[in-house]
Amino acid sequence: MDFEPKILALCCHYCAYAAADLAGSMRAQYPPNVRVLRLPCTGKVDTEYIMKAFEAGVDGVIVAGCLEGGCHFQEGNLRAKKRVGLVRDLMDEIGLEKDRLEMFNLSSAMGQTFADIVVTMTDRIKKLGPNPLRREAAKVLEGISR
Ligand code: FES
């Protein structure tokens, strides 16, 4: 059976979420693997949110905010960029492939770009395989049920 990754997209309300919405209105084709969570700004994305998502078993996380210089809360997307960089470094240290997480910047008019990002991340994560944290949890559960 083909592996179908679960991807969480943390999108800011003003640009990325609007772009996701536009992708839907445009009927842009993208895989159904993504679940979009709307935040007021990517500046709200905490490192803990991302790690909790991986602990809960998602296979990939997209953080999507406004274009640099276009954040409606001034520097929220720049703060998010730093945090995403920190989490990627941490992921490397704990053996969780950092390419499972990436930040993207887009305007509300970039519906096709949003669809392309989902295609890119889905393909990439299919190649990486399931989240190893989920595989470990499955092994533990298998051990308990014996
Ligand atoms: Fe979009 Fe801040 S409002 S990233």
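You'll find the structure just up there.
What counts, and at which threshold
- Residues numbered from 1 in each chain as written.
- Predicted model: local features only at pLDDT ≥ 70, side-chain atom pairs only at ≥ 80, totals over all residues.
- Heavy atoms only, no water.
- Buried < 20%, exposed > 50% of the residue type's maximum accessible area, 1.4 Å probe, protein only.
- Helix = DSSP H or I, 4+ residues; strand = E, 2+ residues; numbered from the N terminus.
- Arc of directions from axis to C-beta.
- Pairing = 2+ DSSP bridges.
- Axes fitted to C-alpha atoms, helices over the stretch in contact; angles between N-to-C directions.
- Contact = heavy atoms within 4.5 Å.

1. Brief notes about helix 1 (residues 16-25)
Phase 1: Within helix 1, the full set of buried residues consists of Ala 16, Ala 19, Ala 20 and Ala 23. Looking straight down helix 1, one finds its buried side chains confined to an arc of 100°; they lie on one side.
Phase 2: Remark: Arg 27 follows helix 1 within two positions and exhibits a positive phi of approximately 55°.

2. Examining the sheet that holds strand 2 (residues 34-39)
Phase 1: Spatially, four strands are ordered 2-1-3-4 in an open sheet, and the strand pairing comes out parallel. Either end of the sheet is taken by a strand with one partner, and the two such strands are strand 2 and strand 4 (101-105). Strand-to-strand twist across the sheet, computed as the mean angle between neighbouring axes with direction ignored, equals 20°.
Phase 2: As defined by bridge partners, strand 3 (residues 60-65) adjoins strand 4 across five bridges and the pair is classed as parallel. Among the inter-strand pairings, Ile 62 is bridged to a residue of strand 4, identified as Glu 102.
Phase 3: Set on the sheet, helix 1 makes contact with strand 1 (7-12), strand 2 and strand 3; between it and strand 1 the angle comes to about 115°.
Phase 4: Lying on the sheet, helix 4 (residues 111-128) is in contact with strand 1, strand 2, strand 3 and strand 4; it crosses strand 4 at an angle near 165°.

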